[in-house]
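# Summary of the model geometry
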Amino acid sequence: MSRKTRDVLSVEWVKLELIRTAYATRGGLFAKMDPRMVISWYLILAVVPWLTHDLVTIIALFGLTAVSAALARVGPLVLGLFLIGFVTDFAYAFGAAWVFGGDHETALALVEITLKLATVSLASIAAFVSLDPEELSTGLLAWKAPELLAFGVSYGYRMMPILFEEFGTVFTGLRLRSPQGPRGFLGMRALWRWGTWAVQAFYPIFLNTAKSVRTTVESLETRGFTAAQGRELRIAQLRIGALDVAVVAVTLVAVVGAFELGAVVTIA
Amino acid sequence: MSAIIEIDRLSFRYPGAERDSLRNVCLTIEEGDFVAVIGGNGSGKTTLCKTLNGLVPHYWEGDFAGEVRVDGVDTYESSVAALSSTVGYVYQDFQNQLVRPRVRDEIEFGPTNFGMSDYAERAQQAMEMLGIAHLADRFVWQLSGGQAHLTALASVLAMRPRIIVVDEPVAEVDPAGAHALYERLTELNQVHGITVIVIEHHAEFIAQYAKSVVLMDDGAPVWHLPAPQAAARAAELASHGIPAPQIVAACEGLDLAAAPRTVEEAAAVLRTAGARQRDSWTADAVAGSVPRLASSEVDPARTDGDERRPVAVASAVSHGYRSVAGDLLPVLSGVDLTIRAGDRVALVGGNGAGKSTLMRLLCGLQVPRGGSVTLDGIDTKKSSATRLAEHAAYLFQRPEQMFLKDSIRADVRLFPAGRKRDDADALVDRVLDRVRLSDFADRDGRTLSGGQQRRATLAIGLAMTPSLLLADEPTASLDVASRDSVIAMLDELSGAIAAAVVATHDMHLVAEWATRVIVLGGGGVLADVTPLELFSSDALLEGARVVPPQITALGRALGISPAPLSVAQWREAVALTDAAARMEVRA
């Protein structure tokens, strides 16, 4: 057995990936856009797949969102999780059709719903990977979301790496100091222990965090957070530019194209 | 000058508290003053400061009597929001004060919330005043402690307050960072006329920077005096848990009634008084008083033929981390190091020099990207971190991260009981007794004081019966008395372990405890020396970004060789010319 420092699939990697995803540090097409337009773009692609049963249209829409995800430079962690979900869904669709005595039509119906879900997922991944929390919360503000929700989004993201780091430290402590034991069949017992520690780690984290949040709340008070006169100033920072209009226009054209394609071409 | 803060017969009791936290406080602070508020734990310092921006009584609603006027406004009639544009407050745990992801957002946050359309200029100006404009686009969690502190200060400065309150500025940053912060505060005070109020434990900072001092005791000010007069009351300060600065103690040790504010002043006073080195103070005399681990039976002087058992050996170790952008940031490269039985090693160096990384590698928590680490003869790459925990215990910087169970006893017992040690319970009792926490054994670690928390983590480490004990900043954010108790504890415990390594910014800990100092910098070991050698070399001090203890700096300024590392050594080393003569006559 030999240990080495791993750059992927390690706790540190997951943390970095979360930060990269949350703050759109990879850049990409949508990161340069106005958050309101990104959310609009997402809403378009989240709705249209449900307006059709034509498989060709759905595949075309799926292709469109796949290209969008590539342009948004989605990271390996999020993409990997998406693929795992996608592939297992497909396997399930065929498995279910076969077990319950369905024919290829049942399978196709299940494939259709899976593809629709995948399309919407890819669109949301592309959109939210590109929005950093500040943009997202300002965009929400512009649409009359309550100040508290908008702040919550931004503060939640701010706390995420801290909580993850804290979790890592406490979990390490538990792993090093807790009773060890046999790995068990297929490592089941080791897995069980890890699961137990992961749950136990929340006790110290809650208590440690509760203490520090008091300062945060007081500080918010002194810095006029509850005075909340800043809505207009924040919204004034937003600008809709040529890129925003172009991206939405191209998307609309592509969606119409997908429906046209579905009308012309038919499978089976 | 006119009074900017007038407090008249103020009393306050927190809801549900048994007694008043502030009792009949009468206090006036002039505009443009630089005030240090001092006093023991629970003397009401923080509560007093929270009355200034209206957190008491508007946020903390308790029994409030009397009157507080800030810039002529009665705080009871005003609100926290309104008062915040006059009074800025920087917390002790300032990291929790930062609520936005990036530095610029953070500093613009206050002005934006109050609807000030010039928020961007205000933020820019505040950053420039504190010299942190280059950090504007950083994420707040990428900042070092000192940078984060300045960001918190800038965020209140952007409101253009007339009063700034800073709660224990030294607690969570290294000495160089603390001095930098004080320099900035002094500038704000002198150039911009901002009234500065600090809550402070460390007499040396008070003496050097404050214009006046308020001593609090049991919820009321004992006195409010100009700083020089306050410093002269050394005995009274000591009785309130504020030991005199080492330079004052040095003068006292020679029966000189002087209260110098800086090392230079002290050196001038002592030169005039005729302080000189005693003949008995030689390098050999010092060697006799150098501490070392009890288990060491060999001379601690490091020679090539050192026969002492190697506990941890790093050979050609290189390590680094991935950044958010994906690059590999090298931290250590080609480090060779042997920690032998009996060593008491202090790792020093600036932030980011790799102190914590090296410790994590030495205890096998991580494995190096290049080279190898051998712990108790085991290659850390060939064993798991859980196995290696039987050989090395690593104490995290923040004690609460080590409190995994609901009582200190359960936390200390976790490791020995889990490894099926027959004598686990006896061991736990012995260890708790040793760190003098038997009376607190059933309490949650988080409810203990700072010093007790550190001792509890030491107990957790000792119960693991390691060969190598590693501690990250064991004296950070402790007041002077607790710090001294932790240093004394480390000193006593040395018999139980073969070797100890601490990463620290605390030069008192280095001077009074370590036998060996390893200076990290530029990815490698800059020097491997004794504390005395470190403090005698300006080049090394600069490279390590450390400030020697006042007493050592004073000794060097007076040409005393070897320079004393503690006040006790100072007493042995230095005498006044005529006093020394008198003693010789008596002999």
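Structure's up top.
Below: a short report on this structure.

### A closer look at the overall build of chain B
- A tally of helices and strands in chain B yields 25 helices and 22 strands.
- Radius of gyration (C-alpha) of chain B: 25 Å, near the 25 Å computed for a compact globule of 587 residues.
- Viewed in the frame of its principal axes, chain B has a C-alpha envelope of about 75 × 70 × 50 Å.
- The burial tally for chain B puts 57% of its 587 residues in the buried class.
- Put simply, of all contacts in chain B between residues at least 6 apart along the chain, 68% involve residues at least 24 apart.
- Entry remark: accessible area of chain B is about 22,300 Å², with carbon and sulfur atoms responsible for 47%.

### Here we look at unusual backbone geometry
Residue and element names in this part refer to chain B.
- Along the chain, V56 connects to P57 via a cis peptide bond; the corresponding omega equals 10 degrees.
- Note on placement: P57 falls in helix 2 (residues 55–59).
- Across the junction of S561 and P562, the peptide omega takes the value -5 degrees, indicating a cis bond.
- In this structure, P562 sits in the loop between helix 23 (550–557) and helix 24 (567–573).

### Description of the sheet that holds strand 16 (residues 378–379) of chain B
All names here are of chain B.
- The sheet built from 4 strands is open, its strands ordered 13-12-15-16 with antiparallel pairing. Each edge of the open sheet is held by one strand with a lone partner, namely strand 13 (328–340) and strand 16.
- Inspection of the sheet shows strand 12 (residues 310–322) paired to strand 13 by 9 bridges, in the antiparallel sense. Paired with G320 across the bridge in strand 13 is P330.
- Lying on the sheet, helix 14 (residues 355–362) is in contact with strand 12, strand 13 and strand 15 (370–375); it crosses strand 12 at an angle near 125 degrees.

### Details of the interface of chain B and chain A
- Contacts between the two partners involve 72 residues from chain B, matched on the other side by 56 residues from chain A.
- Linking chain B with chain A are 7 salt bridges.
- Where chain B packs against chain A, one counts 31 residue pairs in polar contact (both at pLDDT 80 or more).
- Looking at the side of chain B that touches chain A, the elements with two or more residues in it are helix 2, helix 3 (80–84), helix 4 (103–113), strand 12, helix 15 (385–388), helix 16 (408–418) and helix 18 (450–463) of chain B.
- Here the residues of the side of chain B that touches chain A sort into 31 nonpolar, 23 polar and 18 charged.

### Details of the sheet that holds strand 1 (residues 3–13) of chain B
Residues and elements named next belong to chain B.
- The strand order across the open sheet formed by 4 strands is 2-1-4-5, and the pairing between neighbours is antiparallel. For this open sheet the edge positions go to strand 2 (22–30) and strand 5 (73–74), each flanked by a neighbour on one side alone.
- Pairing geometry for strand 4 (residues 63–70) and strand 5, over 2 bridges, is antiparallel. Looking at the pairing, V70 lines up with V73 of strand 5.

### Examining helix 1 (residues 45–52) of chain B
- For helix 1 of chain B, a buried count of 7 out of 8 residues is recorded, marking the element as mostly surrounded by other parts of the structure.
- Phi turns positive, to about 85 degrees, at G54 of chain B, one or two residues after helix 1 of chain B.

### Some thoughts on the packing of aromatic side chains
Residue and element names in this part refer to chain A.
- Inspection of every chain in the model, using the stated rule, returns 29 aromatic pairs over all chains.
- Taken together, a centroid distance of 4.5 Å and an interplanar angle of 50 degrees make the contact between F151 and F225 tilted. Residue F151 is located in helix 7 (residues 147–177), and its partner F225 is located in the loop between helix 9 (202–222) and helix 10 (231–235); the two are separated by 74 residues in the primary sequence.
- Judged by relative accessible area, F225 falls into the buried class, the value being 11%.
- Connected via pairs of aromatic rings, a cluster forms that spans F167, F171, W194, W197, F202 and F206.

### Section: the packing of helix 4 of chain B against helix 5 (residues 119–129) of chain B
Residues and elements named next belong to chain B.
- It is at 9 Å that the axes of helix 4 and helix 5 come closest, and there the two elements cross at 125 degrees. As the angle between them shows, helix 4 and helix 5 are arranged oblique. In the packing of helix 4 onto helix 5, the handedness of the crossing is right-handed. Where helix 4 abuts helix 5, its residues V103, R104, I107, E108, P111 and T112 lie against Y119, A120, R122, A123, Q124, A126 and M127.
- By residue class, the composition of the contact of helix 4 with helix 5 is 8 nonpolar, 2 polar and 3 charged.

### A look at the pairing of strand 15 of chain B
All names here are of chain B.
- As paired elements, strand 12 and strand 15 share 5 bridges and run antiparallel to each other. Paired with S315 across the bridge in strand 15 is S372.
- Alignment of strand 15 against strand 16, held across 2 bridges, turns out to be antiparallel. Note that in strand 16 the partner of L375 across the bridge is I378.
- Once strand 15 ends, the chain turns through 2 residues before running back antiparallel as strand 16, passing D376 with a positive phi of about 50 degrees.

### Things to note about the side chain of T21 of chain A
- As for its placement among the helices and strands, T21 of chain A is situated in helix 1 (residues 11–22).
- Leaving out residues up to four positions away in the same chain, T21 of chain A has contacts with V78, F128 and V129 of chain A.

Conventions adopted
- Residues numbered from 1 in each chain as written.
- Chains lettered and ligands numbered in written order.
- Predicted model: local features only at pLDDT ≥ 70, side-chain atom pairs only at ≥ 80, totals over all residues.
- Heavy atoms only, no water.
- Helix = DSSP H or I, 4+ residues; strand = E, 2+ residues; numbered from the N terminus.
- Rg over C-alpha atoms; globule rule 2.2 N^0.38 Å.
- Buried < 20%, exposed > 50% of the residue type's maximum accessible area, 1.4 Å probe, protein only.
- Contact = heavy atoms within 4.5 Å.
- Areas by Shrake-Rupley, 256 points an atom, 1.4 Å probe, with all protein chains shown as cover.
- Pairing = 2+ DSSP bridges.
- Axes fitted to C-alpha atoms, helices over the stretch in contact; angles between N-to-C directions.
- Salt bridge = Lys/Arg side-chain N within 4 Å of Asp/Glu carboxyl O.
- Polar contact = N/O pair within 3.5 Å; in protein donor to acceptor, adjacent residues only side chain to side chain.
- Nonpolar A, V, L, I, M, F, W, Y, C, P; charged D, E, K, R; others polar.
- Phe/Tyr/Trp six-rings, centres within 6.5 Å; stacked < 30°, edge-to-face > 60°.
- Parallel < 35°, antiparallel > 145°, perpendicular 65-115°, else oblique.
- Left-handed = near helix turned anticlockwise from the far one by under 90°.

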